[in-house]
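Architecture at a glance
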Amino acid sequence: MKKNLLITLAFLATSSLYAQNYEKTQNGVKTQTRGMEIEVQFYTPSIVRIVKYPEPTVLNKQSLSVVKQPEAVKYQSSVEGDVVCLSTEYIQVALNTVTGKVSFADKQKNPLFTEREYSTQFTPAKDADKESFIVRQAFLLDKEEAIYGLGQQQNGKLSQRGEKIFLRNSNTRVCIPFFQSVKGYGVFWDNYSPTTFWDKAEETSFESTGDCTDYYFLYGGNGDGVIAQMRELTGHSPMLPLWAYGFLQSRERYKSQKEVVAVVEKYRALQVPLDGIIQDWQYWGGDNQWNAMEFLNPKYTNPKTMVDRVHQLNAHIMISTWASFGPDTKPYKELKAKKMLLDFDTWPPGAGVKVYDTFDPAARDIYWKYMNKNIFALGMDSWWLDSSEPDHVNVKDKDFDENTYLGSLRSVYNAFPLEHVRGVYENQREVTSAKRVLILTRSAFAGQQRYGANTWSGDLVSTWESLSKSVPAGLNFSLNGIPYWNADIGGFFTDPKYPQGVKDKTYHELYVRWFQFGTFTPMMRSHGTHSYREIYQFGERGDDWAFDVQEKFINLRYALLPYLYSTANNVSTQSASFMRALFMDFAADKKTHNINNEYMFGQSFLVAPVLEPMYVTRANTWCGEVDTEDFSTIKTREVYLPNGTKWIDFWTGDTFNGGQTINKEAPIDIIPLYVKAGTILPWGPKVQYATEKKWDNLEIRVYPGADGEFTLYEDENDNYNYEKGIYSTITFKWNDKSKELIIDDRKGEFPGMLRKRTFNIVLVDNAHGTSVISGKITKAVVYKGKSVIVTL
């Protein structure tokens, strides 16, 4: 008895010295140490939130990005010295109750990520009239560990190691304090103020204005898994309408309703496919009427007639609105009376234009009220929310002291675009479910994928450097969990080296290479200023290669619509991505970890854009500068084919082993394009617009060399009935050994669904003579919704 008592007393004495100051909470644990409160909160078995704040702060934070509510997560806890260990079925979290350090490991205890010891800092600071802090947290990464994300940066890099980036949204720079690692985890720093990210040899850190350090650790195991966790945390992406995956034409700017209609009519006359025409700014009139959300420009005498005519031509129309208003507009006057305008300089400078307080739900409703009454009611199809950072000129530090509905502008600045698109999305959803929300916008923040928004890269200059940087910029943007992105094809500002714009043949080469890249982005949209970009501005069919190349790739885009739309369903239901950095599919191949000029488009295509001039040069002569074309020698582009699969050249059918670099011939009408072995590719009909023909006679192209699977998704194309389960899927499975294609039973149904159709099966390889224009049909199969096995 005495011995047992001594053991008990010894245990109590020892336990009082270790991990003594923590308590279990509903979702994890919390402790106090070094003058701060620390909370570990499980949201799922794979997502954990770490919050630290100075004592005696009472924290009452509502996240703008996070929509996930914490689940009742089962976890095991143990104590090892000063460290509390919490283990779920996927991860282990270790909290040192003395130093405050938090670290993370997988379930096999392999280290994943850790804070640096004693690196949480709270430096007192003023945020407008409020006492606040500069908050900072440092972490340690493995020396060779690649990380991705941080929004859209124009630094030309894929991995963001070694970078110091001031994260404040601006034109061409989307700033999101999130990164994911090639080790299969992600970190979201949930702070909306301008933030400094700094990765250096001794540490990696975030530094912001705020009341706490607040970040989420997300474990997914791989790139797709991390994105899935980020979508689970911040919201899933809805389906966009089918027509959004077609070709969209824009210009800065169409100056009358007659011009808008004439462009669509010209495309139809040329029989060049088109699904969208975009009206840029100043349809409202002068700067004092800036963004009036009314057609006050006298050259738009009957906008309803314009919209109706575009629809009669089987096209759709998108229109530009801004996050600011001129002083003579009705929205300005109402918002000013209710103190819902922010007082800092915006575009156009000197015009008295003011940005509205997008953080105020009542202000968002006022914004929509005018948009709905004066524009949506005309039958408008979609929105271009320009200058959504917002546009901020003559920037002064006092601007950030402006008071918004949620506090200082400084404290919420980077979330401005998130709340702006939110107002449009939520209000349109309340008005109708018959038309899907489609928003094109210039900026973004974490969680924006849940609002039907596509972010474009901003006002880039038309240079080869801009094109080259666009590839890693788009990939990193997608790696934040936001799937819809594009760039202005050809660049927005025409570079001075092209003084004649589309008349300069050197610009033609840049434009068509950008056009090829644009074919393999989520939205294919031509836009720019200084020179018009419609296909017919580049010449005529058969006489001018720039016309012919564009037409070829527009037709290719439309042939890929069944693939694109099915991928869009995977984006919505399986947290997939369109633009995929190579490490996402080939993480075991370390050569892929920092390749910034190739990517996967969906699960099947490896895209290697041509990012430098090959065929047109400019020389100074006695009569001035002269552009010279030389197509006599076909140039090549190096392409790395990742290890772990075979690859089929899309254009020739030739097969290559992975794990090698090849030189692919790249004539002006070819972008190096490879298809992963095992791919099953649905090939759509030749059309003038997305819904012109039913998919009742699809080619199904099978790329042999591995087993494969593809699910064809179909629905009503432009409403939200799919959210009620009104859609259908057909799964195709390829057995490479037996050369059998299994077409499963159709699942689901929707009004107008094809009950009987023909699938024309094509086996793609060099031996079968398959080309991109028309595959050699191996077998035609009549499909009535029941399983069919096809032997090839």
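Fair warning: this is a prediction, and the values are worked out from it, not measured in the lab.

Describing the nonpolar core
- Phe188, Trp383, Phe605, Leu741 and Phe759 are the most contacted members of the largest nonpolar core, which has 196 residues in total.
- Element by element, the count of residues in this core is highest for helix H11 (residues 545-559), at nine residues.
- Beyond its immediate stretch of four places on either side in the chain, Trp383 contacts Met318, Ile319, Trp368, Met371, Ile375, Phe376, Val424, Gln428, Leu438, Ile439 and Leu440.
- Grouped together as the second largest cluster of nonpolar side chains are 37 residues, Phe122, Ile165, Val187 and Phe217 included.

Regarding empty space enclosed by the protein
- Scanning the model with the defined rule gives one cavity of 30 Å³ or more in all.
- By volume, the largest cavity is sized at about 30 Å³.
- Taken together, Tyr558, Leu561, Gly684, Pro685, Val687, Ala690, Lys693 and Trp695 make up the lining of the largest cavity.
- Grouping the amino acids of the lining of the largest cavity by side-chain chemistry returns six nonpolar, one polar and one charged.

With respect to the packing of aromatic side chains
- In this structure the tally under the stated criterion is 69 aromatic pairs.
- Here the aromatic rings of Tyr148 and Phe583 are separated by 4.1 Å at their centres, their planes lie at 10°, and the arrangement is stacked. One end of the pair, Tyr148, is in strand E12 (residues 147-149); the other, Phe583, is in the loop between strand E32 (579-580) and strand E33 (599-601), and 435 residues separate them in sequence.
- For the pair Tyr192 and Phe445, a centre-to-centre distance of 5.7 Å together with 75° between the ring planes defines the contact as edge-to-face. Residue Tyr192 is located in the loop between strand E15 (185-189) and strand E16 (195-200), and its partner Phe445 is located in the loop between strand E28 (439-441) and strand E29 (453-456); the two are separated by 253 residues in the primary sequence. Each member of the pair Tyr192 and Phe445 is classed as buried.
- Its end group placed over the ring of Trp198, Lys164 keeps NZ or CZ at 3.9 Å from the ring centre.
- When the ring centre of Trp456 is taken as reference, the NZ or CZ atom of Arg525 above it lies at 5.3 Å.

Observations concerning the sheet that holds strand E49 (residues 779-783)
- Taking strand neighbours across the sheet as the criterion, the four strands line up as E42-E43-E48-E49 in an open arrangement whose pairing is mixed. Every other strand in the sheet has two partners, leaving strand E42 (680-683) and E49 as the edge strands with one partner each. Across the sheet, the mean angle from the axis of one strand to that of its neighbour is 25°, orientation sign disregarded.
- In this sheet, E49 lies alongside strand E48 (residues 757-763) in antiparallel orientation, the contact comprising five bridges. Bridge pairing in E49 places Ile761 opposite Lys779.

A closer look at the pattern of salt bridges
- For the structure on display, the rule yields 54 salt bridges.
- The shortest N-O distance in the salt bridge between Arg136 and Glu207 comes to 3.7 Å. With a gap of 71 residues between them, Arg136 in strand E11 (residues 130-140) and Glu207 in strand E17 (residues 203-210) connect regions that are remote in the sequence.
- Residue Glu207 is classed as partly exposed on the basis of its relative accessible area, which comes to 31%.
- Overlapping salt bridges, with partners in common, bring together Asp386, Glu389, Asp391, Arg442 and Asp459 in one network.

Notes on the pairing of strand E43 (residues 697-702)
- Counting buried positions over the six residues of E43 gives five, a clear majority of the element.
- For E42 and E43, the ladder comprises four bridges, and the chain directions are antiparallel. Within the sheet, the bridge partner assigned to Trp683 lies in E43 and is Glu699.
- As judged from the six bridges shared by E43 and E48, these two strands associate in the parallel manner. Looking at the pairing, Glu699 lines up with Asn760 of E48.

A few points about the sheet that holds strand E3 (residues 36-44)
- Strand order in the open sheet formed by eight strands is E1-E2-E3-E4-E18-E15-E14-E12, with antiparallel pairing between adjacent strands. The open sheet has two free edges, formed respectively by strand E1 (22-24) and E12, since each of these has just one partner strand. Across the sheet, the mean angle separating the axes of adjacent strands is 20° when strand polarity is ignored.
- For strand E4 (residues 47-54) and strand E18 (residues 213-219), the ladder comprises six bridges, and the chain directions are antiparallel. Looking across to E18, one finds that Ile47 is bridged to Leu218.

Considering the confidence of the model for the chain
- Per-residue confidence for the chain averages 95 on the pLDDT scale, and 96% of its residues sit at or above 70.
- Here residues 1-17 is modelled with pLDDT under 50, and outside its nearest four sequence neighbours on either side it reaches one contact, counting other chains as well.
- Counting contacts from residues 769-774, a segment whose pLDDT is below 50, to residues more than four positions away or on other chains yields 17 contacts.

Section: unusual backbone geometry
- Here the bond from Glu252 into Arg253 is cis, since omega is -5°, no more than 30 degrees from zero.
- Residue placement: Arg253 occurs in the loop between strand E19 (247-249) and helix H3 (257-270).
- Between Trp347 and Pro348 the backbone carries a cis peptide bond, its omega angle lying at -5°.
- Among the secondary structure elements, Pro348 is positioned in the loop between strand E23 (341-342) and strand E24 (354-356).
- In this structure, Asn314 takes a positive phi of about 60° despite not being glycine.

What to know about the layout of surface pockets
- There is about 570 Å³ of room inside the largest pocket.
- Around the largest pocket, the lining comprises 25 residues; the ones closest to its centre are Lys61, Lys130, Asp211, Leu406 and Ser411.
- Mapped onto the lining of the largest pocket, the elements with two or more residues apiece are E11, E17, E18, strand E27 (407-408) and helix H7 (409-412).
- Considering only residue class, the lining of the largest pocket consists of eight nonpolar, eleven polar and six charged.

Thoughts on the packing of helix H9 (residues 464-478) against helix H10 (residues 505-519)
- Orientation of H9 relative to H10, taken along the N-to-C sense of each, is 10°, at an axis distance of 10 Å. As the angle between them shows, H9 and H10 are arranged roughly parallel. Note on element contacts: H10 touches H9 through Glu509, Leu510, Arg513, Trp514 and Phe517, opposite Trp464, Ser466, Leu467, Ser470 and Val471.
- Per-class residue counts for the contact of H9 with H10 are six nonpolar, two polar and two charged.

Thresholds, definitions, all that
Residues numbered from 1 in each chain as written. Predicted model: local features only at pLDDT ≥ 70, side-chain atom pairs only at ≥ 80, totals over all residues. Heavy atoms only, no water. Core = buried A, V, L, I, M, F, W, Y, C linked by side-chain atoms within 4.5 Å. Buried < 20%, exposed > 50% of the residue type's maximum accessible area, 1.4 Å probe, protein only. Helix = DSSP H or I, 4+ residues; strand = E, 2+ residues; numbered from the N terminus. Contact = heavy atoms within 4.5 Å. 1 Å grid on protein atoms, 1.4 Å probe; cavity = no way out; pocket = protein on both sides within 12 Å on 5 of 7 lines; lining within 4 Å. Points joined across faces, edges and corners; volume = space filled by probe spheres on them. Nonpolar A, V, L, I, M, F, W, Y, C, P; charged D, E, K, R; others polar. Phe/Tyr/Trp six-rings, centres within 6.5 Å; stacked < 30°, edge-to-face > 60°. Lys NZ or Arg CZ within 6 Å of the ring centre and 35° of its normal. Pairing = 2+ DSSP bridges. Axes fitted to C-alpha atoms, helices over the stretch in contact; angles between N-to-C directions. Salt bridge = Lys/Arg side-chain N within 4 Å of Asp/Glu carboxyl O. pLDDT = per-residue confidence, 0-100. Parallel < 35°, antiparallel > 145°, perpendicular 65-115°, else oblique.

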